[in-house]
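One letter stands for each residue in the lines below.
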Amino acid sequence: MNLFPGWMMIEKLVPSLYVPSVYSIDLDALKRKGIRGLIMDLDNTLAEWHQPQASKEMIEWIGKVKRAGFKVVISSNNNRVRVSSFVHPLGVPFIARAKKPLLSSYRRALSLLQLKREEVAVVGDQIFTDILGGNRMGFYTILVVPVAPTDGFFTRLNRMAERRVLRWMKEKGYLSWEVKK
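Keep in mind that what you see is a predicted model, and the values were worked out from it rather than measured.

Reading guide: rules and limits
- Residues numbered from 1 in each chain as written.
- Predicted model: local features only at pLDDT ≥ 70, side-chain atom pairs only at ≥ 80, totals over all residues.
- Heavy atoms only, no water.
- Helix = DSSP H or I, 4+ residues; strand = E, 2+ residues; numbered from the N terminus.
- Expected span 1.5 Å × (residues − 1).
- Buried < 20%, exposed > 50% of the residue type's maximum accessible area, 1.4 Å probe, protein only.
- Contact = heavy atoms within 4.5 Å.
- Pairing = 2+ DSSP bridges.
- Axes fitted to C-alpha atoms, helices over the stretch in contact; angles between N-to-C directions.
- Salt bridge = Lys/Arg side-chain N within 4 Å of Asp/Glu carboxyl O.

This paragraph deals with helix 2 (residues 56-67). The end-to-end C-alpha separation of helix 2 is 16 Å, in line with the 16 Å expected for twelve residues at 1.5 Å each. Buried within helix 2 are the following residues: Met58, Trp61, Ile62, Gly63 and Val65. Those residues of helix 2 hidden inside the fold are in contact with helix 1 (27-32), strand 2 (37-40), strand 3 (71-75) and helix 3 (80-87).

For the rest of this paragraph, the subject is the sheet that holds strand 2. Hydrogen bonds between backbone groups are what pair the strands of a sheet, and the pairing can be parallel or antiparallel. The strand order across the open sheet built from six strands is 1-6-5-2-3-4, with neighbouring strands paired in parallel fashion. The open sheet has two free edges, formed respectively by strand 1 (17-19) and strand 4 (94-95), since each of these has just one partner strand. In terms of strand pairing, strand 2 meets strand 5 (residues 120-124) through four bridges, oriented parallel. What sits directly across from Met40, in strand 5, is Val123. In the packing of helix 4 (residues 103-113) onto the sheet, the strands contacted are strand 2, strand 3, strand 4 and strand 5, and the crossing angle to strand 3 comes to about 155 degrees.

The final tally for this structure, using the stated rule, is five salt bridges. Residues Asp41 and Lys100 are paired through a salt bridge, measuring 2.8 Å at the closest nitrogen-oxygen approach. Placement of Asp41 in the loop between strand 2 and helix 2 and of Lys100 in the loop between strand 4 and helix 4 is noted, with a sequence separation of 59 residues between them. Overall, Asp41 belongs to the buried group, its relative accessible area being 6%. You can call Lys100 buried: its relative accessible area is 7%. The shortest N-O distance in the salt bridge between Asp130 and Lys100 comes to 2.9 Å. Here Asp130 is found in helix 5 (residues 127-137), whereas its partner Lys100 is found in the loop between strand 4 and helix 4, with 30 residues between them in sequence. For Asp130, a relative accessible area of 1% gives the class buried.

All we've got here are geometric facts, nothing functional implied.
This is the structure we're talking about:
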């Protein structure tokens, strides 16, 4: 019996790569894979969900990513005011109220990047939004450990289900990395 609807086969929830943080992403390895663009989640991926501004460290890291030749788009389910105020010093385009994992925001991000699907990676902290949407589009997907130990209300609900699915995937051999509790 399949536990998931056809569009949500378990493989669609498995990331291509798992790293402790965005700062751990090996940009040279991505280049070798032909990746030239990044669609990045904001809340609990680039910053804590309640942090209003980009940190100096994040501004420097995004600068490093851009100097390395990558195009970047920030895609967030959060509202325009929150996303635009955070993204402004980064100098990259953004999509607010993305409604991830719906594909429309990923198509829009791909259009902003002006790249082919196989040249794009999605970076995020949630399997049911970032990884699922990215995998459905055929992107390389990178799951990061959430930067904050707390979440907003709806994300807390997602995290409970996510922990169960991650444990199940590890038990079944879908994951080769340690699941954070």
